[in-house]
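Results of the structural survey
In case you want the letters, here they are:
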Amino acid sequence: MAVLAYLLLSVGEELVEVAQVLLRSGGSFSECKAHLWDRRREQLFQYYIAQYEAVEKKTASTMSTESIDSCDYAYQEDFEGPNSPGSVSLDKSNSTTEVAYLLENITEVSPGLSFLISGNILLTCERFSINLMLKNSDLALHFNPRLPQNYIVRNCRVKGVWGKEEVASPLSFNLHRGKKFKVHILITDKEFLMCVNDRHFNSFKHRLPYKKICALEVKGDVKDVNVEQLYTERYPDIQLDAIKQISREQFVLAPLSDVTNHFKLMPYTGRLEQPFTNGKNLHIRGRIKLLPHSFFVNLQTNHLVWPHPNIPFHLNPRFGNVGGKHVICRNSWTNGKWDREERSENITDFMPGKTFHLKIACTDISYQVYLNEKLIAEFIFRDNPALVETVYIQGDIKVFEVVLESAY
């Protein structure tokens, strides 16, 4: 009833808003209507979240653990109703898309709990989804690969209302019809972390209380689905290729024509066989994408995403400025947070579609950054450089080659 009253009161205001948007934008009535509906949906979603948090707070202060389920059920009936559109039921017969797998006996949910989902993608697959569900049919995580579009939607749903979709990802789409798939979902205290086919894909911050997840459901155009649940202390657990190491006496960079046909998989993670210390140079050769926003290079203590590694040096060039000027940001991650950022705005040789040679030199007091043999930045040590064991690169570049030039 509360939601019905809210919507009825909004009808008159909505017509006025449509007229105002129409006059301002010059768009069609249907375009303005769609714009306002998207805005209304976001308002409704935020309203539900506020109500959810209020119920959570009241439950925690006035009810015992044994009475939480009944509170959830009453709340669901008040706001959703048994026949509300878009509701999801643990009963397969009520699903609008065929359920390929349902796991209801979930281990007690706490940070470190992982789900390993595997199966086969049908030759006719359009999409499938992995849903982490609460007892009132809300979705804490909706993981939805869409094969024709080549992207994966992440979202949540509260009382039948979808939140804001997330679709961007640094990892190229790597799911294919007729092939096997593996998805690894890890629950941390702040977010879900996701691996697709053994490569870290992205994260999704918690919008609902993750400790109330009670079921996992796989729906859509997949078969032979299997789900394992286990606790882990490291994510992701993958084997890394060692970065090529050449002594200074032998160091010669190969001609660009020999390396530009071989791109590294992005995001790139490489392991240093020796710590990155005084006298060593890291060479990165690649090409800037045609419409770049930014990229970054991390010199970090290990390859893990969780627990978060220390990052003695974070180099982050950002594009988009007029006149060839780019913002070059430097920072470090220590003690669980980013430190003070250093930035400079310079004209550099970074150009869309053009190749580059980036060198990071480790001296006795700092990291020095050279672009095409020109010094563009310096970063005084904030942590011991001997702790650096891994190079991580992500963003709007293609990487041809990563080479460590040793002092000996």
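Residues numbered from 1 in each chain as written. Predicted model: local features only at pLDDT ≥ 70, side-chain atom pairs only at ≥ 80, totals over all residues. Heavy atoms only, no water.

Here's the deal with the sheet that holds strand β21 (residues 366-371)
- Read across the sheet, six strands follow the order β12-β24-β14-β20-β21-β22 without closing on themselves; strand pairing throughout is mixed. Since the sheet does not close on itself, it has two edges, and those belong to β12 (244-247) and β22 (374-380), each with one partner. Adjacent strand axes in the sheet meet at a mean angle of 25° when their direction is disregarded.
- In the sheet, strand β14 (residues 281-288) pairs with strand β24 (residues 397-406) via eight bridges, with the strands oriented antiparallel. Each bridged residue has a counterpart across the sheet, and for Arg285 the counterpart in β24 is Glu401. (Pairing = 2+ DSSP bridges. Helix = DSSP H or I, 4+ residues; strand = E, 2+ residues; numbered from the N terminus. Axes fitted to C-alpha atoms, helices over the stretch in contact; angles between N-to-C directions.)

A short note on the nonpolar core
- Among the nonpolar cores identified, the biggest contains 36 residues, and Phe115, Ile117, Ile185, Phe192, Ile213 and Leu216 are the most heavily contacted of them.
- In this view, Leu216 contacts Tyr101, Leu102, Leu103, Ile106, Phe115, Ile117, Ile130, Asn131, Leu132 and Val227; residues no more than four positions away in its chain are not counted.
- In this structure, Ile243, Leu282, Leu358 and Cys362 belong to the second largest nonpolar core, which totals 33 residues. (Core = buried A, V, L, I, M, F, W, Y, C linked by side-chain atoms within 4.5 Å. Buried < 20%, exposed > 50% of the residue type's maximum accessible area, 1.4 Å probe, protein only. Contact = heavy atoms within 4.5 Å.)

Observations regarding the side chain of Thr188
- Position of Thr188 relative to the elements: it lies in the loop between β7 (180-187) and β8 (191-196).
- Residue Thr188 is classed as buried on the basis of its relative accessible area of 2%.
- Engagement of the side chain of Thr188 in a polar contact is seen with the backbone oxygen of Glu191, the distance being 2.8 Å.
- Not counting chain neighbours up to four residues away, the residues in contact with Thr188 comprise Pro111, Leu193, His206, Tyr210 and Trp306. (Polar contact = N/O pair within 3.5 Å; in protein donor to acceptor, adjacent residues only side chain to side chain.)

Looking at the pattern of salt bridges
- Tallied over the full model, the rule gives 14 salt bridges.
- As a salt-bridge pair, Arg146 and Glu165 come within 3.6 Å of each other at their nearest N and O atoms. Remark: Glu165 occurs in the loop between β6 (161-162) and β7 and Arg146 occurs in strand β4 (residues 139-146); sequence separation between them is 19 residues.
- The exposure class of Arg146 is buried, given its relative accessible area of 14%.
- You can call Glu165 partly exposed: its relative accessible area is 41%.
- Among the ionic pairs, Arg340 bridges to Glu342, the shortest N-O distance being 3.9 Å.
- Among the charged side chains, a salt-bridge network with shared partners connects Arg330, Asp339, Arg340, Glu342 and Arg382. (Salt bridge = Lys/Arg side-chain N within 4 Å of Asp/Glu carboxyl O.)

Remarks on the packing of aromatic side chains
- Considering all chains together, one arrives at 14 aromatic pairs under this definition.
- One aromatic cluster in this structure is built from Phe276, Phe313, Tyr367, Phe379 and Phe381.
- Between Arg157 and the ring centre of Trp162, over which it is positioned, the NZ or CZ distance is 4.9 Å.
- Directly above the ring of Tyr370 sits Lys359, whose terminal nitrogen or CZ lies 4.7 Å from the centroid. (Phe/Tyr/Trp six-rings, centres within 6.5 Å; stacked < 30°, edge-to-face > 60°. Lys NZ or Arg CZ within 6 Å of the ring centre and 35° of its normal.)

Notes on the side chain of Gln394
- Its place among the elements puts Gln394 in strand β23 (residues 390-395).
- Residues in contact with Gln394, not counting those within four places in the same chain, are Pro170, Met266, Pro267, Phe295 and Phe296.

Examining unusual backbone geometry
- Between Met266 and the following residue, Pro267, the backbone shows a cis peptide bond with an omega angle of -5°.
- When you line up the elements, Pro267 lands in the loop between α4 (256-259) and β13 (268-271).
- Look at the link from Trp306 to Pro307: it is a cis peptide, with omega at -10°.
- Looking at the element boundaries, Pro307 is found in the loop between β15 (295-300) and β16 (311-318).
- Backbone geometry at Asp198 places phi at a positive 70°, although glycine is not the residue there.
- Relative to the helices and strands, Asp198 is located in the loop between β8 and β9 (199-205).
- At Asp224, a residue that is not glycine, the phi angle is positive and equals roughly 55°.
- Secondary-structure assignment places Asp224 in strand β11 (residues 222-231).

A closer look at the sheet that holds β11
- The antiparallel open sheet is built from five strands, whose spatial order is β9-β8-β7-β2-β11. Looking at which strands have only one partner, the edges of the open sheet turn out to be β9 and β11. Taken pair by pair, the neighbouring strands of this sheet meet at an average axis angle of 20°, ignoring direction.
- Examined bridge by bridge, strand β2 (residues 113-121) and β11 share eight bridges and lie antiparallel to one another. For Ile121, the partnering residue across the bridge sits in β11 and is Val222.

Some remarks on the confidence of the model for the protein
- Taken over all residues, the pLDDT of the protein has a mean of 82, while the share at 70 or more is 75%.
- Across residues 1-11 the pLDDT falls below 50, and counting only partners more than four positions away or on other chains, this stretch makes nine contacts in the model.
- With pLDDT under 50 throughout, residues 59-96 is counted as low confidence; its partners more than four residues away or in other chains account for 52 contacts. (pLDDT = per-residue confidence, 0-100.)

Remarks on the environment of Arg271
- The topology assignment puts Arg271 in strand β13.
- Spatially, the C-alpha atom of Arg271 lies 6.1 Å from that of Glu389, the residues being 118 residues apart in sequence.
- Those residues in contact with Arg271 that lie beyond four places of it in its chain are Leu240, Asp241, Ala242, Ile243 and Glu389.
- At 2.8 Å, the side chain of Arg271 and the backbone oxygen of Leu240 are in polar contact.

Digging into the environment of Val369
- Mapped onto the secondary structure, Val369 falls in strand β21.
- What makes Val369 buried here is its relative accessible area of 0%.

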